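Listed below, chain by chain, are the residues.
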Amino acid sequence: SNPSISDCTISNNTASFYGGGIYCYDSSSPTITGCEISNNTTSYSGGGITCSSSDPSFTDCTISDNTAPWDGGGIYCGYLSEPTITDCTITNNTASNGGGIYCFDSSSPTISGGTISNNSASGSIYGGNGGGIYCSDSSSPPLIGCVIAGNTATNDGGGIYCSGGSSPTIS
């Protein structure tokens, strides 16, 4: 499916596993413009948004105050996903790993413009890495003209955490 969603508010939703606000799966490529995705929760990963084997496009969106107990408070990208995130504000999201954005399993979103700020990776036993962005398992997103500021991690990588062959390009 490839819907166009614009100027919407997606908030105060809950999911049992993935994508408290939005779940993109299996080659879906929605175009999401000018939306607010906030105060969503999940019991697993992707508090605001989950991208799994999909390539959605987000432009001029605010992704804030979302929560996931595992990975990706704001956005979870897994399983070869390559979303495009342009001029978005990703702020005040919380997860065990990747408070703002979590990239896993060769998922490399293109992130240009925008701000990734005040997100938290607050895991104690599991995680606590990548307050702003967490990259793992050959995920190498290009970060172009982004502001990454004020993020915190209980353990490593307050701004950006990379492991497992991941090497983002920052310009």
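Up top is the structure these notes are about.
How each quantity is defined
- Residues numbered from 1 in each chain as written.
- Predicted model: local features only at pLDDT ≥ 70, side-chain atom pairs only at ≥ 80, totals over all residues.
- Heavy atoms only, no water.
- Pairing = 2+ DSSP bridges.
- Helix = DSSP H or I, 4+ residues; strand = E, 2+ residues; numbered from the N terminus.
- Buried < 20%, exposed > 50% of the residue type's maximum accessible area, 1.4 Å probe, protein only.
- Core = buried A, V, L, I, M, F, W, Y, C linked by side-chain atoms within 4.5 Å.
- Contact = heavy atoms within 4.5 Å.
- Phe/Tyr/Trp six-rings, centres within 6.5 Å; stacked < 30°, edge-to-face > 60°.
- Polar contact = N/O pair within 3.5 Å; in protein donor to acceptor, adjacent residues only side chain to side chain.

Caption draft 1: Expanded view of the sheet that holds strand β12 (residues 84-86). Pairing within the open sheet is parallel, and its seven strands lie in the order β1-β5-β9-β12-β16-β20-β24. Each of the sheet's edge strands pairs with one partner strand only, and the pair in question is β1 (4-6) and β24 (169-170).

Caption draft 2: Focus on the environment of Glu36. Tracing the backbone shows Glu36 in strand β6 (residues 36-38). Since its relative accessible area comes to 35%, Glu36 is described here as partly exposed. Separated by 32 residues in the primary sequence, Glu36 and Ser4 place their C-alpha atoms 14 Å from one another.

Caption draft 3: Spatial organisation of the nonpolar core. Formed by 23 residues in total, the largest nonpolar core has its most connected members in Ile22, Ile49, Phe58, Ile75, Ile85, Ile90 and Ile101. Setting aside residues no more than four positions away along its own chain, Ile75 makes contact with Ile49, Ile63, Ile85, Ile90, Gly100, Ile101 and Tyr102.

Caption draft 4: Summary view of the pairing of strand β4 (residues 22-25). Residue alternation in β4 divides its side chains into a buried set, Ile22 and Cys24, and an unburied set, Tyr23 and Tyr25. Bridge analysis of β4 against strand β8 (residues 49-52) gives four bridges, and the strand direction is parallel. Note that in β8 the partner of Cys24 across the bridge is Cys51.

Caption draft 5: Broad picture of the sheet that holds strand β18 (residues 120-121). With parallel pairing, three strands are arranged side by side in an open sheet as β14-β18-β22. On the outer flanks of this sheet lie β14 (94-95) and β22 (152-153), each paired with one strand and no other.

Caption draft 6: Geometry of unusual backbone geometry. Although it is not a glycine, Asp26 sits at a positive phi angle of roughly 55 degrees. Within the secondary structure layout, Asp26 lies in the loop between β4 and β5 (31-33). With phi around 55 degrees, Asn118 is a residue other than glycine that occupies positive phi space. Within the secondary structure layout, Asn118 lies in the loop between β17 (115-117) and β18.

Caption draft 7: How the structure looks around the packing of aromatic side chains. Following the criterion strictly, the structure yields ten aromatic pairs and no others. Between Tyr79 and Phe104 the ring centres are 5.7 Å apart and the planes differ by 85 degrees, which places this aromatic pair in the edge-to-face class. Of this pair, Tyr79 sits in the loop between β11 (75-78) and β12 while Phe104 sits in the loop between β15 (101-103) and β16 (110-112); the two residues are 25 residues apart in sequence, bridging distant segments of the chain. Exposure remark for Tyr79: the relative accessible area of 35% places this residue in the partly exposed category. Clustering of aromatic rings is evident, with ring pairs tying together Tyr18, Tyr23, Tyr25, Tyr44, Trp70, Tyr76, Tyr79, Tyr102, Phe104, Tyr134 and Tyr161.

Caption draft 8: A look at the side chain of Ser52. One can find Ser52 in strand β8. Accessibility expressed as a relative area gives 8% for Ser52, which makes it buried. Discounting chain neighbours no more than four positions away, the residues touching Ser52 are Tyr23, Cys24, Tyr25, Asp26, Gly78, Tyr79 and Ser81.

Caption draft 9: Focus on the side chain of Ser108. For Ser108, the location among the structural elements is in the loop between β15 and β16. Relative accessible area serves as the criterion here: at 16%, Ser108 is assigned to the buried category. At a separation of 2.8 Å, a polar atom in the side chain of Ser108 contacts the main-chain amide nitrogen of Ser140. Discounting residues that sit within four places of it in the chain, Ser108 has contacts with Ser81, Glu82, Ser138, Ser139, Ser140 and Pro141.

Functional significance is not addressed by these values, which are geometric in nature.
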